[in-house]
Amino acid sequence: MATSNPEFPQRLGDGTDQAAVLIARALAEPMPGPSEQQSWRKLRSRSVRAAPRWVMPAVACALASIAALFWFGHPAPAPTLSPDVWAPGAAMAPQAPLTEPSGQAKTEPPPVASERPKPLTSAPHESDAAPCGRQAKAGQYEAAAACYARAARGNSMDAELALYEKARLEAKALGKSSLALSTLDEHARRFPGGVLTTEVELTRIELLSQLGRRAEALSAIERGLRGALGRERGGDLQVLRAELLGAQGDCAAALDAVRLARQAGAHPARLEATEQRCQLPATDTP
């Protein structure tokens, strides 16, 4: 390869001293491949070449971004989940209770269990008329009648029953038919259409018959036969009607009442007295 003049600074090879002579001699020797002169020349040519105007601002911005990144620190690494979290049936870690500003643990009030209110039930109590019945069984009729009178106050069913028992006690045990009739009249006024209306009307007719008030009794029987009393107790009414008519001597009407009583299912023994009074065999059929 041909030699060429060195492109290093000339002062390095100038002079007469031993170093300068050696440098000049080394530079004059040919070297295979690229030489230092060529490298120096290329470096100078690149350094003197004009760079584009936009290169320097871009380089400056890039350097500023890198400096800011390292200045403010690297971003925090993304959180990683433990494999236990994704395990099936993994239990949640207990959380600490919330604390109030005072530092005490916040406690929630216990849940109130909703219970259905229990119905109010009153304790079983003895009826007010129960002592009256015990007195009547013991033969204390006057005390029992007074007891029924107290129990008959009010408009309840117990009061209605007590008033009727008072009338029955007065009529049968005490023999006070007139007082019993007055009690039944009171019953009809206080409890019209009550549960004992049928029994009260029938008992009243019997009392009128016992007191000899036949006309009133027969009128009451006729009214009863046309109403609910006749549908329920028609046989009993016909028996009473036959007795009243036979006592008055009206045997034709009495025997007709006997026939109707038999048809209504009255027992034959209840008709024997009327049939004997009217001189008819008890076995005869209408």
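Everything below is about the structure shown above.
The rules behind these values
Residues numbered from 1 in each chain as written. Predicted model: local features only at pLDDT ≥ 70, side-chain atom pairs only at ≥ 80, totals over all residues. Heavy atoms only, no water. Helix = DSSP H or I, 4+ residues; strand = E, 2+ residues; numbered from the N terminus. Buried < 20%, exposed > 50% of the residue type's maximum accessible area, 1.4 Å probe, protein only. Contact = heavy atoms within 4.5 Å. Areas by Shrake-Rupley, 256 points an atom, 1.4 Å probe, with all protein chains shown as cover. Core = buried A, V, L, I, M, F, W, Y, C linked by side-chain atoms within 4.5 Å. 1 Å grid on protein atoms, 1.4 Å probe; cavity = no way out; pocket = protein on both sides within 12 Å on 5 of 7 lines; lining within 4 Å. Points joined across faces, edges and corners; volume = space filled by probe spheres on them. Nonpolar A, V, L, I, M, F, W, Y, C, P; charged D, E, K, R; others polar. Salt bridge = Lys/Arg side-chain N within 4 Å of Asp/Glu carboxyl O. Axes fitted to C-alpha atoms, helices over the stretch in contact; angles between N-to-C directions. Parallel < 35°, antiparallel > 145°, perpendicular 65-115°, else oblique. Left-handed = near helix turned anticlockwise from the far one by under 90°. Expected span 1.5 Å × (residues − 1). Polar contact = N/O pair within 3.5 Å; in protein donor to acceptor, adjacent residues only side chain to side chain.

A word on the overall build of the protein
In terms of regular secondary structure, the protein is built from 12 helices and zero strands. Here the protein holds 286 residues, and the buried ones make up 23% of them. The contacts in the protein between residues at least 6 apart in sequence include a share of 46% that link residues at least 24 apart. Carbon and sulfur atoms make up 57% of the accessible area of the protein, which totals about 21,000 Å².

Remarks on the nonpolar core
With 24 residues, the main nonpolar core has Leu184, Ile205, Leu207, Ile221 and Leu237 as its most contacted residues. Listed by contribution, the elements that provide at least two residues to this core are helix H6 (157–173), helix H7 (177–190), helix H8 (197–210), helix H9 (214–225), helix H10 (228–247) and helix H11 (251–263). Leaving out residues up to four positions away in the same chain, Leu207 has contacts with Ala171, Ser177, Ala180, Leu181 and Leu184.

Side note on the layout of surface pockets
Approximately 250 Å³ is the volume attributed to the largest pocket. Forming the boundary of the largest pocket are 17 residues, of which Ala188, Thr197, Val200, Glu201 and Arg204 lie nearest the centre. At the level of secondary structure, the elements contributing two or more residues to the lining of the largest pocket comprise H7, H8 and H9. Of all the elements, H8 adds the most residues to the lining of the largest pocket, at five residues. A per-class count over the lining of the largest pocket returns nine nonpolar, four polar and four charged.

A few points about the pattern of salt bridges
This model, assessed by the stated rule, comprises 12 salt bridges. Two residues, Glu142 and Lys176, come together in a salt bridge whose shortest N-O distance is 3.4 Å. Taken together, the residues Glu142 in helix H5 (residues 141–151) and Lys176 in the loop between H6 and H7 connect sequence positions 34 residues apart. Note on Glu142: relative accessible area 49%, which makes it partly exposed. Where Arg213 meets Glu216, a salt bridge forms, and the shortest distance between an N and an O atom there is 2.8 Å. Residue classification places Glu216 among the partly exposed positions, given a relative accessible area of 37%. Each of Glu199, Arg233, Asp236 and Arg270 takes part in one network of salt bridges that share partners.

Some details on the packing of H5 against H6
Relative orientation and spacing of two packed helices are given, respectively, by the angle between their axes and the distance between those axes. Look at H5 against H6: their axes get within 8 Å of each other, and the N-to-C directions meet at 155°. It follows that H5 is roughly antiparallel to H6 by the angle criterion. Between H5 and H6 lies a crossing whose hand is left-handed. Mapping the contact onto sequence places Tyr141, Ala144, Ala145, Tyr148, Ala149 and Ala151 in H5 and Asp158, Ala159, Ala162, Glu165, Lys166, Leu169 and Ala173 in H6.

Here we look at the side chain of Thr274
Mapped onto the elements, Thr274 comes out in helix H12 (residues 272–277). With relative accessibility at 5%, the residue Thr274 sits in the buried group. With near-sequence residues (within four places) excluded, Thr274 lies in contact with Ala242, Glu243, Ala254 and Val258.

Some points on H11
Between its first and last C-alpha atoms H11 spans 18 Å; for 13 residues at 1.5 Å apiece the expected length is 18 Å, and the two agree. Elements in contact with the buried residues of H11: H10 and H12. Immediately downstream of H11, the backbone of Gly265 shows phi near 95°, a positive value.

Side note on the side chain of Thr203
Checked against the element boundaries, Thr203 lands in helix H8. Reaching out from Thr203, the side chain makes a polar contact with the side chain of Tyr164 at a distance of 3.1 Å. Beyond its immediate stretch of four places on either side in the chain, Thr203 contacts Tyr164 and Leu184.

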